2 protein chains.
Amino acid sequence: MSESTDTRARPANPLAARVHGPVRIVGAGLLGSSVGHALSARGIDVILDDSSPSQLRLAIDYGAGRAARSDDAPALVVVAVPPDVTADVVERELAMYPDAVVTDVASVKLEPLRTLRERGIDLTHYIGSHPMAGRERGGAISARADIFVGRPWVVCRDEETSAADLALVEALALDVGATPIEMTPEDHDRSVALVSHVPQLVASLLAGRFLDAQDASLRLAGQGVRDTTRIAASAPELWVQILGANAEPVVDVLDALAVDLSAVADALRAPEAPGSRRAVADTIRRGNDGVERLPGKHGQNRRFDQFVVMVDDTPGQLGRLFGDFGELEVNVEDLRLEHSPGAQFGLAEVSVDPTALRRAVEGLQERGWKIASTTND
Amino acid sequence: MSESTDTRARPANPLAARVHGPVRIVGAGLLGSSVGHALSARGIDVILDDSSPSQLRLAIDYGAGRAARSDDAPALVVVAVPPDVTADVVERELAMYPDAVVTDVASVKLEPLRTLRERGIDLTHYIGSHPMAGRERGGAISARADIFVGRPWVVCRDEETSAADLALVEALALDVGATPIEMTPEDHDRSVALVSHVPQLVASLLAGRFLDAQDASLRLAGQGVRDTTRIAASAPELWVQILGANAEPVVDVLDALAVDLSAVADALRAPEAPGSRRAVADTIRRGNDGVERLPGKHGQNRRFDQFVVMVDDTPGQLGRLFGDFGELEVNVEDLRLEHSPGAQFGLAEVSVDPTALRRAVEGLQERGWKIASTTND
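Rules used in this analysis
- Residues numbered from 1 in each chain as written.
- Chains lettered and ligands numbered in written order.
- Predicted model: local features only at pLDDT ≥ 70, side-chain atom pairs only at ≥ 80, totals over all residues.
- Heavy atoms only, no water.
- Helix = DSSP H or I, 4+ residues; strand = E, 2+ residues; numbered from the N terminus.
- Buried < 20%, exposed > 50% of the residue type's maximum accessible area, 1.4 Å probe, protein only.
- Contact = heavy atoms within 4.5 Å.
- Areas by Shrake-Rupley, 256 points an atom, 1.4 Å probe, with all protein chains shown as cover.
- Least-squares fit on C-alpha atoms with pLDDT ≥ 70 in both.
- Domains from an automatic or database assignment.
- Buried area = accessible area lost by both parts, 1.4 Å probe.
- Salt bridge = Lys/Arg side-chain N within 4 Å of Asp/Glu carboxyl O.
- Polar contact = N/O pair within 3.5 Å; in protein donor to acceptor, adjacent residues only side chain to side chain.
- pLDDT = per-residue confidence, 0-100.
- Phe/Tyr/Trp six-rings, centres within 6.5 Å; stacked < 30°, edge-to-face > 60°.
- Lys NZ or Arg CZ within 6 Å of the ring centre and 35° of its normal.
- Axes fitted to C-alpha atoms, helices over the stretch in contact; angles between N-to-C directions.
- Parallel < 35°, antiparallel > 145°, perpendicular 65-115°, else oblique.
- Left-handed = near helix turned anticlockwise from the far one by under 90°.
- Nonpolar A, V, L, I, M, F, W, Y, C, P; charged D, E, K, R; others polar.

Visitor: Just give me the short version of the overall build of chain A, but keep the residues and values in it.
Guide: The number of helices and strands found in chain A is 15 helices and 12 strands. Here chain A, with 377 residues, has 60% of them falling under the buried criterion. Residue pairs in contact within chain A that sit at least 24 positions apart in sequence constitute 70% of those at least 6 positions apart. A total accessible area of about 14700 Å² is found for chain A, and carbon and sulfur atoms account for 50% of it.

Right, here's the structure in full:
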């Protein structure tokens with residue numbers, strides 16, 4: 001994909017080359033502090049500000065940047081505060097630093113923009129953006145310079161946006177290892193509703209159904225349902241804000257989903273009705289086609305072959321396994337290690353390029369590994 | 001968990017010790033042939049039968065068992081045919097082998113039993129069962145002796161079931177490495193509806209929504225939505241039968257889910273209505289609590305700490321990493337390798353016992369590994 005080329009070919013330090021003055025980060029939470037760490041590591045002068053003195057102190061102690069000074073003249077301001085105060089802070093920063101480019105990293109893009117427009121603010125130097133990065137835990141203490149590496153960073157330019165301002169925000173994204181993607185705020189919000197906000201709700205709703213279940217029922221849970229509900233572990237506070245700020249696109253997807261859901265439920269209720277079996281089959285088939293459309297590893301729709309290796313549940317075993325992969329010159333594209341409940345060993349599901357499957361499986365078997373299964377029989 | 005002890009402490013060959021005569025397997029597909037491989041490997045005389053001569057031939061060639069002879073007197077019959085013909089085959093086998101114990105491995109348990117009762121069959125020697133094992137691909141050619149290892153194998157006894165017959169079916173489960181779990185057919189079907197059938201439908205319905213999306217939207221997809229929709233790749237044919245045969249419990253869960261879904265959609269539609277924010281927060285919170293109830297690794301609700309190691313996307317790197325884990329005597333409980341789209345390396349999310357986290361992270365850093373993040377800051 002082109003952006004992978006961009007990322008690999010990017011200059012050593014595009015932002016420092018462009019930015020004349022420090023970068024000011026407002027909000028020293030997970031995202032703000034992580035940007036601070038990444039830019040500081042590249043030798044850029046980073047100013048940190050936060051409404052919470054303790055949070056600010058912590059971020060500075062961790063090396064995410066320095067405290068503000070009265071004579072600071074930032075060239076770029078990154079607003080990294082919760083969605084519901086983003087517009088206020090952007091407005092304040094634009095007023096305080098009229099010569100700076102101001103961006104924000106809120107995970108919804110239309111609502112803050114709409115609020116700013118309603119207030120008649122001059123938005124010439126404002127460019128909303130959103131790095132597709134995060135972690136279960138927030139706060140300066142969870143911040144890491146690497147969380148943006150290889151992730152998309154959506155940049156919402158508009159007609160007013162000058163090429164120079166846009167280049168500055170895209171340089172910021174590239175500088176922290178992200179891949180800039182230009183989108184309208186409307187497209188961004190619809191997109192994240194579909195690929196992030198609704199999946200979160202669906203996982204939460206499904207997992208919520210487990211509350212009434214007996215322990216014995218849940219003991220039958222396999223890897224499938226574990227994967228389907230993994231993100232249900234996410235923290236409520238931020239999600240309430242995100243979902244609230246992106247309610248319209250989220251509700252649109254939820255409504256469409258509700259229609260599909262009741263259609264398949266009706267088909268199962270009336271198995272003899274004409275088209276019922278077909279309706280159920282189409283639900284599964286549409287799912288096949290839909291999941292196929294998700295960009296795969298390396299950002300491509302690339303397919304890998306899987307096989308499962310039985311690994312003793314003892315230290316060193318995986319070292320031996322991957323040592324053998326190295327000798328066989330097989331690149332492991334993906335790996336999932338699963339412990340069989342009640343068993344003394346783990347099952348390592350390994351994904352390799354189809355061209356390497358035979359070499360990997362046969363080579364491992366020669367080396368005494370037990371291959372439990374392959375998806376390419 | 002007790003069954004893990006059971007599994008570890010099980011006799012070398014409980015079935016051979018109990019079974020006086022060959023084990024007959026009807027249906028040489030994935031499950032039937034896999035049972036055949038597992039039992040044959042333990043020196044048990046396995047008879048294979050299948051309505052498809054080519055499938056049967058294939059299974060025998062692969063070593064899953066031998067062809068039937070006229071003088072065969074099986075002590076145990078395992079019916080491994082699709083759900084919609086299970087009752088017919090069970091009825092036939094009970095008539096053909098009145099002295100044998102007959103079990104089936106269909107993934108729904110009530111419908112076949114109901115059908116057999118309606119026909120007034122003597123079910124004294126019939127015990128329905130269901131190994132919680134399977135693979136995306138079916139057929140004798142995908143069969144493996146190991147697919148049952150460490151998995152639950154549900155056994156549905158009833159008042160008529162003799163201790164000896166029950167012991168035989170549980171010995172079968174133990175022999176192939178599974179963990180027998182006794183359940184009523186009703187409880188089984190409700191349980192799999194909740195932890196298997198509805199999660200499949202939910203993943204399929206969500207992934208189906210991607211069909212209308214633009215490529216740019218899907219490029220924002222992260223690991224969360226990938227996990228949530230992974231099983232949407234399952235094949236339709238079998239699922240149509242499974243869902244059809246377990247329609248009632250599946251519909252019950254779907255209806256409850258639909259109510260929850262429209263409730264949260266309404267809350268998002270009317271953010272100012274009293275209790276709206278609370279309703280959204282409760283959805284996420286209930287998901288937190290629900291997913292917590294799923295048995296974790298080693299069949300326990302055991303928690304691990306995670307950290308992310310940056311790994312060059314080249315052969316041998318993981319070997320070096322796991323060699324270091326071995327030296328540090330850190331047991332890797334779980335591992336997920338993720339390639340950052342557009343980046344030259346992978347991110348390895350490693351789960352370790354909390355007591356080993358510091359040793360692992362510090363030891364790896366000393367050895368020059370870059371730790372991108374830990375969940376235990």
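Next, the rest of the story.
Visitor: Lay out the relation of the copies chain A and chain B in plain terms, naming residues and giving numbers.
Guide: For these two chains of identical sequence, chain A goes onto chain B by a turn of 180 degrees and a shift of 0.0 Å along the axis, with RMSD 0.1 Å. Both copies of the chain, as the preceding transformation shows, are related through a two-fold rotation axis. Judged by C-alpha distance, Thr228(A) is the residue of chain A that lies nearest the rotation axis, at 1.9 Å. Comparing interface residues between copies, 100% of those in chain A also sit at the interface in chain B, which points to an isologous, same-surface contact.

Visitor: Summarise the domain arrangement of chain A; cite the residues concerned and give the values.
Guide: Each assigned domain of chain A is listed here: domain 1 (14–183), domain 2 (190–292) and domain 3 (299–374). Averaged C-alpha coordinates put domain 1 of chain A and domain 3 of chain A at centres separated by 41 Å.

Visitor: Can you break down the interface of chain A and chain B residue by residue, with the values?
Guide: Facing the 135 residues of chain A at the interface are 135 residues of chain B. A buried area of about 12400 Å², summed over both sides, lies between chain A and chain B, and 62% of it is on carbon and sulfur atoms. Taken as a group, Arg219(A), Leu220(A) and Arg293(A) account for 6% of the area that chain A buries against chain B, more than any other trio of residues on that side. A salt bridge links Arg269(A) to Asp255(B); the shortest N-O distance between them is 2.8 Å. Linking chain A to chain B there are 24 residue pairs in polar contact (both at pLDDT 80 or more).

Visitor: Explain the environment of Asp72(B) to me, using residue names and the numbers behind them.
Guide: Residue and element names in this part refer to chain B. In this fold, Asp 72 is placed in the loop between strand S3 (66–67) and strand S4 (76–79). On the basis of relative accessibility, which here comes to 10%, the residue Asp 72 falls in the buried class. Asp 72 sits 25 residues away from Tyr 97 along the chain, and the two C-alpha atoms are 9.5 Å apart. When sequence neighbours within four positions are dropped, the list of residues in contact with Asp 72 reads Ile 47, Arg 66 and Tyr 97. A polar contact is formed between the side chain of Asp 72 and the side chain of Arg 66, at a distance of 2.8 Å.

Visitor: Go over the environment of Val311(B), please, and point to the residues and values.
Guide: All names here are of chain B. Mapping Val 311 onto the fold places it in strand S9 (residues 305–312). A relative accessible area of 3% places Val 311 in the buried class. Each C-alpha atom of the pair Val 311 and Lys 370 lies 8.1 Å from the other, and the pair is 59 residues apart in sequence.

Visitor: Please set out the confidence of the model for chain A residue by residue, giving values where relevant.
Guide: All names here are of chain A. For chain A, the average pLDDT comes to 87, and 89% of its residues sit at 70 or higher. Under a pLDDT of 50 for its full length, residues 1–11 has, in the predicted model, 15 contacts with residues more than four places off or in other chains. Confidence drops under a pLDDT of 50 for residues 297–302, and excluding neighbours within four residues, the segment shows 21 contacts in the predicted structure. With a pTM of 0.78, the predicted complex shows an ipTM of 0.78.

Visitor: How would you sum up helix H14 (residues 317–327) of chain B? Please name residues and give values.
Guide: Residue and element names in this part refer to chain B. Counted residue by residue, H14 has 8 buried out of 11 residues, so it is predominantly covered. The set of residues buried in H14 consists of Gln 317, Leu 318, Gly 319, Leu 321, Phe 322, Asp 324, Phe 325 and Gly 326. Residue Glu 329 follows H14 closely and has a positive phi angle near 55 degrees.

Visitor: Could you give an account of the packing of aromatic side chains, with specific residues and numbers?
Guide: When we look at a pair of aromatic rings, we describe it by the centre distance and by the angle of the planes. The final tally for this structure, using the stated rule, is 7 aromatic pairs over all chains. An aromatic cluster is built from Phe307(A), Phe322(A), Phe325(A), Phe307(B), Phe322(B) and Phe325(B), whose rings are joined through pairwise contacts. One Lys or Arg, Arg320(A), reaches over the ring of Trp369(A) and ends 4.1 Å from the middle of that ring.

Visitor: Any details on the packing of helix H12 (residues 247–269) of chain B against helix H13 (residues 276–292) of chain B? Residues and values, ideally.
Guide: For any two helices packed against each other, the geometry is given by the interaxial angle and the distance between the axes. All names here are of chain B. Where H12 contacts H13, the two axes come as close as 8 Å, and the packing angle between them is 140 degrees. Here H12 is positioned oblique relative to H13, judged by the angle of their axes. Note that H12 runs across H13; the crossing there is left-handed. Contact with H12, carried on its side by Val 264, Ala 267 and Leu 268, involves Ser 276, Ala 279, Val 280 and Thr 283 of H13 and no other residues of that element. Looking at side-chain class alone, the contact of H12 with H13 contains 5 nonpolar, 2 polar and no charged residues.

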